[in-house]
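# Overview (structure and organization)
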Amino acid sequence: MTITDSEWNRVSTAVHQACAGIPDVSPQAVLTEVERTVYPGISEDDLSLAQIMAARTLIEAEPGYSKVTARLLLNRIRQQALAWLDCSPATQQEMRDRYPAYFTAYVERGIELGQLDPQLAEFDLSQLGEALIAENDLAFSFLGLQTLYDRYLLHHEGTRYELPQAFFMRVAMGLALREDNPTERAVEFYNLLSSFDFMCSTPTLFNAGTTRPQLSSCFLTTVEDDLAAIFHSISNNAMLSKYAGGLGNDWTPVRGIGAHINGTNGKSQGVVPFLKIANDTAVAVNQGGKRRGAVCAYLETWHIDIEEFLELRRNTGDDRRRTHDMNTANWIPDEFIRRVEADAEWTLFSPDETPDLHELYGKAFTKRYREYERAADRGEIRLFRRVRAVDLWRRMLTMLFETGHPWITFKDPCNLRSPQQHTGVIHSSNLCTEITLNTSPDEVAVCNLGSVNLVNHTTPTGIDQEKLAKTVRTAVRMLDNVIDINFYTIPEARHSNLRHRPIGLGLMGFADALFRQQIPMGSARAVEFADRSTELISYHAISASSDLAAERGRYSSFEGSLWSKGILPIDSLHILAEERDGDVDLDHSSTMDWDALREKVRRQGMRNSNVMAIAPTATISNICGVSQSIEPIYRNLYVKANMSGDFTVINPYLVEDLKEAGLWDQQMVTDLKLHDGSLQPIDRIPQELKQRYATAFEIEPSWLVEAAARRQKWLDQAQSLNLYVTSPSGRAIDQLYRSAWRKGLKTTYYLRSVAATHVEKSTLRGTDGKLNAVPAASTACSVDDPSCEACQ
């Protein structure tokens, strides 16, 4: 023994308590690992760290050790927080009684430090402290709790004094400040967050209840064609990014390269030099070190700079005309896709000569665009260029495959199905392609995000509809509160958000919900579940917003909206079909009483102009310990890298099924590592399990498009949809994106391919016995890009 008996007894007690109640974990296995690493004179701090490191090495062989590791980390966090607040030490079991006193001390110290809003002292802190559920601390996975510790829990000079349940209550209090009964509402909100049934987006978690409550996730702007306006927009980017906002910039109005400049009688250098400045601004403003500033530039396909825009993420060429850190996206009108399918010509214009194209969509755009083409033929347009539409489309898809950008997003369905057509035009989406809101020089669109944890509302036989309805109702109220409490860094954002009050309720844990029901992702049953689950969320979200309108008043631009006409998202599919003259492949099936809801919305109105958007949930899904958003599982066993470090991720549903089949052993762990978490090459695994646990690159991408199409019919905004291809070819990718367009998708996100994704293998070959990650090659669109966390 290399440490004293008393020290070892404390370690043994902590490890046994951490393993209590978790099936198939062995305290002795953890203690054996600890014994290998301790040494005489080890500090108390290093001894607690040794326990954490010992438990984490066992995760790949048994998922339950993830919770063991989290509990050992929790001990460390708790000791640090209680000591700093001059509270007596306590075990996790003792926190059931100790949380109330700790909570009052925590709030008082946070206000004293200037970190917490002084209004929090006006709550009934005793009642809130009694409402904290210490047992919920035990639900964390290691990745979830480490993520919370590294970036979310409040600290003073590196010392965390905010415990997880206090964190959730702080956010809940921050969202309940304006309620008539704030203490009771805070408990209601806390219960939703603490149970992981719903989670607010990262900016809300960062800032709710603090002295700088910038709670919104996404901001969309339009950049005007004027030097002062361009730099005003870049300044706005910096101010919005400072407090953890993800940005989507519409650059289409800026004149193209070679366009005439009246003031100097010179020629424009085009949009690209300004994009370079915007790129560097995003890098410079890194959101207080919490995560990298993030921005996406959108350009319409008819802009004369579009070909250079496609090259922005290439690693070759003039670096002054490259934006290596900025995301880019194509904003594609339907007329362009029709030209591609007809193998026709496409004309590129500079927006200073064709300014109204930016404000038109659908048949109105097509009519005006063709008029400009005829004007060009008559010599009335100074700057234009003709290209073969198919050639430009192929370049778009080639760049998407090679660099991950620009993403493919569709202008017309975003606008034709928008409830807010009467107030303006949607000119872009956001950083993660799920937000579709109007922008103008006077209005910066703002969206406030949060996600329902779908697996927490799913049983082996289907969805718990009563629980889901209750969760959605409370979640919509929380998101609506964000709008009034929010700290707005620029006036254009405040004006827009208070006028339209959009929110974006999404979902996460979709893959887990399928696993719980034993449904393969690549199947008709999965498509049907995507349809029905999104229908339920949409129905209850719209109903909740309408009830809030009855309680608090309609949003100010309600009259004239599709809502005011009784046209719900499912109904707007007909508008899209009519504008495309039936050239669509849409499903109109439904199961809920939508007629009653239409009447309710017409009668009561809506509190929010938009209510649903499915964001990527890259970070909050980690906190909740579930699969990201609507994503298929990446691998069944792999090492996940993010800003908190490297973490072993193993699919617990697979492990459970393999245990039942008598197939879970060390050889299976070795086989999974050898085959990058894939079951397909492992002969002894039944075909049924291979199908059920097929990974992202093993699922035919057409299933993902079909499921997304079924969701899209229920969404007033969009969804962040990644597509995966195993054997990419030009023809396959072309068909995939044309199918996405024809099925009415508004946007897509990354195109992932095996060729562009290096899988990180895990190994226990290190001399210290720890699980090590083999560094991945730098790729354009890594599935686990640690900086891609801007929305959630």
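As the structure is a computational prediction, the values presented were derived from the model and not from experiment. (Residues numbered from 1 in each chain as written. Predicted model: local features only at pLDDT ≥ 70, side-chain atom pairs only at ≥ 80, totals over all residues. Heavy atoms only, no water.)

### Points about the pairing of strand β9 (residues 327–332)
Across the 6 residues of β9, 6 count as buried, placing the element largely inside the fold. Where burial is concerned, the two faces of β9 agree: the one with Asn327, Ala329 and Trp331 and the one with Thr328, Asn330 and Ile332 are both buried. Relative to strand β12 (residues 407–410), β9 is paired through 4 bridges, and the arrangement is parallel. If you follow Asn330 over to β12, its bridge partner there is Ile408. (Buried < 20%, exposed > 50% of the residue type's maximum accessible area, 1.4 Å probe, protein only. Helix = DSSP H or I, 4+ residues; strand = E, 2+ residues; numbered from the N terminus. Pairing = 2+ DSSP bridges.)

### Describing the nonpolar core
Core analysis: the biggest nonpolar cluster contains 245 residues, and Phe103 and Trp251 have the highest contact counts within it. Top contributing element to this core by residue count: helix α21 (residues 524–552), with 11 residues. Both domain 1 (5–195) and domain 2 (643–689) contribute no fewer than three residues apiece to this core. Ignoring sequence-local partners within four residues, the contact set of Trp251 consists of Val223, Ile230, Ile234, Val271, Phe274, Leu275, Ala278, Ala297, Tyr298 and Leu299. Counting residues in hydrophobic clusters, the runner-up holds 9 residues, among them Cys218, Leu220, Ile435 and Cys447. (Core = buried A, V, L, I, M, F, W, Y, C linked by side-chain atoms within 4.5 Å. Domains from an automatic or database assignment. Contact = heavy atoms within 4.5 Å.)

### Details of the packing of aromatic side chains
One pass over the full model with this rule turns up 30 aromatic pairs. Within the aromatic cluster, the residues linked to one another by ring pairs are Phe336, Trp346, Phe349, Phe365, Tyr369, Tyr372 and Trp393. One Lys or Arg, Arg109, reaches over the ring of Trp84 and ends 4.8 Å from the middle of that ring. One Lys or Arg, Arg368, reaches over the ring of Tyr372 and ends 4.2 Å from the middle of that ring. (Phe/Tyr/Trp six-rings, centres within 6.5 Å; stacked < 30°, edge-to-face > 60°. Lys NZ or Arg CZ within 6 Å of the ring centre and 35° of its normal.)

### Notes on the pattern of salt bridges
Any two side chains of opposite charge can pair if their charged atoms end up close together. Enumeration over the complete set of coordinates arrives at 66 salt bridges. For Arg109, the salt bridge identified is with Asp86, shortest N-O distance 3.8 Å. With a gap of 23 residues between them, Arg109 in helix α5 (residues 95–112) and Asp86 in the loop between α4 (64–84) and α5 connect regions that are remote in the sequence. The structure contains a network of salt bridges with shared partners spanning Glu179, Arg185, Glu188, Arg477, Asp480, Asp484, Arg501, Glu551, Arg552 and Arg607. (Salt bridge = Lys/Arg side-chain N within 4 Å of Asp/Glu carboxyl O.)

### Describing empty space enclosed by the protein
Summary: where empty space remains is shown by rolling a probe the size of a single water molecule over the atoms. Within the structure shown, the criterion is met by 7 cavities of 30 Å³ or more. Roughly 110 Å³ of volume is contained in the largest cavity. For the lining of the largest cavity, the secondary-structure elements that each account for two or more residues are β13 (445–453) and α19 (491–500). Counting residues per element, the lining of the largest cavity draws most heavily on α19, at 3 residues. Here the lining of the largest cavity is composed, by residue class, of 5 nonpolar, 10 polar and no charged. (1 Å grid on protein atoms, 1.4 Å probe; cavity = no way out; pocket = protein on both sides within 12 Å on 5 of 7 lines; lining within 4 Å. Points joined across faces, edges and corners; volume = space filled by probe spheres on them. Nonpolar A, V, L, I, M, F, W, Y, C, P; charged D, E, K, R; others polar.)

### Re a nonpolar patch on the surface
Residues Leu227, Phe231 and Ile277 make up a contiguous nonpolar surface patch of roughly 270 Å² in combined accessible area. With respect to the element layout, Leu227 can be found in helix α11 (residues 227–242). For Leu227, a relative accessible area of 54% translates into the label exposed. (Patch = residues over 30% accessible without salt bridge, like charges linked within 9 Å, V, L, I, M, F, W, Y side chains within 5 Å. Areas by Shrake-Rupley, 256 points an atom, 1.4 Å probe, with all protein chains shown as cover.)

### Let's talk about the confidence of the model for the protein
Summary statistics for the protein give a mean pLDDT of 91 and a share of 93% for residues scoring 70 or more. Note that residues 756–790 has pLDDT below 50 and, in this model, 90 contacts with residues that lie over four places away or in other chains. (pLDDT = per-residue confidence, 0-100.)

### A few points about unusual backbone geometry
Along the chain, His405 connects to Pro406 via a cis peptide bond; the corresponding omega equals -15°. Along the chain, the position of Pro406 falls in the loop between α16 (389–403) and β12. A positive phi is found at Phe196, a non-glycine position, where the angle reads about 65°.

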